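Working through the structure, step by step
These are the residues of each chain, in order.
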Amino acid sequence: MSRPLRIVMLGPPGSGKGTRAHIISELYGIPVITTGDMLREAVAKGTEYGKIAGGYMSRGELVPDEIVNGVVGERLSMSDLENGFILDGFPRSAPQAEFLDSFLEEHGLKLDHVIYVTLDDEAIVKRLSNRRSCPSCGEVYHLVSMPPKKEGVCDKCGSELVLRDDDRPSVIRNRLEVYREKTQPLLKKYRDKGLMREVPGDYPLDQLQEQLKRILG
Ligand code: ADP
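Cut-off values and rules
- Residues numbered from 1 in each chain as written.
- Predicted model: local features only at pLDDT ≥ 70, side-chain atom pairs only at ≥ 80, totals over all residues.
- Heavy atoms only, no water.
- Near = heavy atom within 4 Å.
- Polar contact = N/O pair within 3.5 Å; in protein donor to acceptor, adjacent residues only side chain to side chain.
- Areas by Shrake-Rupley, 256 points an atom, 1.4 Å probe, with all protein chains shown as cover.
- Helix = DSSP H or I, 4+ residues; strand = E, 2+ residues; numbered from the N terminus.
- Buried < 20%, exposed > 50% of the residue type's maximum accessible area, 1.4 Å probe, protein only.
- Lys, Arg positive; Asp, Glu negative; His and termini not counted.
- Salt bridge = Lys/Arg side-chain N within 4 Å of Asp/Glu carboxyl O.
- Contact = heavy atoms within 4.5 Å.
- Phe/Tyr/Trp six-rings, centres within 6.5 Å; stacked < 30°, edge-to-face > 60°.
- Lys NZ or Arg CZ within 6 Å of the ring centre and 35° of its normal.
- Pairing = 2+ DSSP bridges.

Below, the discussion takes up the site of the ligand. Of all residues adjacent to the ligand, which total 20 residues, the nearest are T35, E61, G89, Q96 and R175. Contacts to the ligand include T35, whose side-chain N or O atom sits 2.8 Å from a nitrogen atom. The contact in question runs from an oxygen atom of the ligand to an N or O atom on the side chain of R164, over 3.3 Å. Coverage of the ligand by the protein amounts to 96% of the 550 Å² it exposes when considered alone.

Laid out in structure tokens, this is it:
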């Protein structure tokens, strides 16, 4: 068996981290851990954490580190990660990055790659406001470049697609600010560790597989 791969996806909201994470997941057979989806699920279920997280999310702010670290720590302790994992949307702040470092160290594990997906603000706003998401299965579509087969309906599970609250232009601006203030500083840390692999967020979709294979070897 090939050695485990542990990957962090970094980049602004809407840059295409999730799309790439899922391609890598299929190529190498490793699970994606998407904090945004986990938090949205907690909100939908109305759990104790979900009730707190919901407000932060609809404003485009980060959910407090203690909550997210707790959720991720629990997920990283599960037994299906022997081939590695792809963290999509975590870490997003210095305390989260420290939490990840200590978790990995305690378990004798190391990150292999940090994939940094870049995209400029204008393209992000355009992309996110055209994004439609499935509230049931999490599948995402784009009204222009990746529309569902039937308008407004998820191809995968038939649910009605929605514009996420936080994909409204006013909230997108706030998410970009938060990204710049809290998440962007992590780039230096991973660059200094020699883990950073930078990829453009507007690379042609049909060439993503080949590109990611080249990067990950
Ligand atoms: P995107 O990457 O497009 O911003 P996500 O689905 O990853 O969207 O995140 C949606 C929201 O969930 C974020 O704006 C934030 O409120 C919350 N969230 C997700 N991941 C984290 C995290 N690691 N720390 C704090 N909040 C998070």
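Further remarks concern the side chain of D65. Along the polypeptide, D65 turns up in helix α4 (residues 65-76). Although D65 is buried, it makes no salt bridge; K182 carries the closest opposite charge, 7.3 Å away. Apart from residues no more than four positions distant in its own chain, D65 is found in contact with S93, P95 and Q96.

How two aromatic rings sit relative to each other is set out by the distance from centre to centre and by the angle between their planes. For the coordinates displayed, the defined rule picks out one aromatic pair. Centroid distance F99 to F103: 6.5 Å. Interplanar angle 35 degrees. Geometry classified as tilted. Here F103 and F99 lie together in helix α5 (residues 94-106), a separation of four residues that amounts to about one turn. Taking the relative accessible area as the measure of exposure, F99 reaches 25% and is therefore partly exposed. Directly above the aromatic system of Y56 lies the positively charged group of R59, at a separation of 5.3 Å from the ring centroid. When the ring centre of Y190 is taken as reference, the NZ or CZ atom of K189 above it lies at 5.9 Å.

It is worth spelling out the pairing of strand β1 (residues 5-10) at this point. Look at any regular strand and the pattern is simple: side chains alternate between the two faces of the sheet. Most of β1 is tucked away, with six of its six residues classed as buried. Across the two faces of β1 the burial is the same, with L5, I7 and M9 and R6, V8 and L10 all buried. Here five bridges tie β1 to strand β3 (residues 84-88), and the two strands are oriented parallel to one another. Residue M9 lies in a different strand from β3, and its bridge partner there is D88. The pairing of β1 with strand β4 (residues 113-118) spans four bridges and is classified as parallel. Each residue of the ladder has a partner; that of I7, found in β4, is H113.

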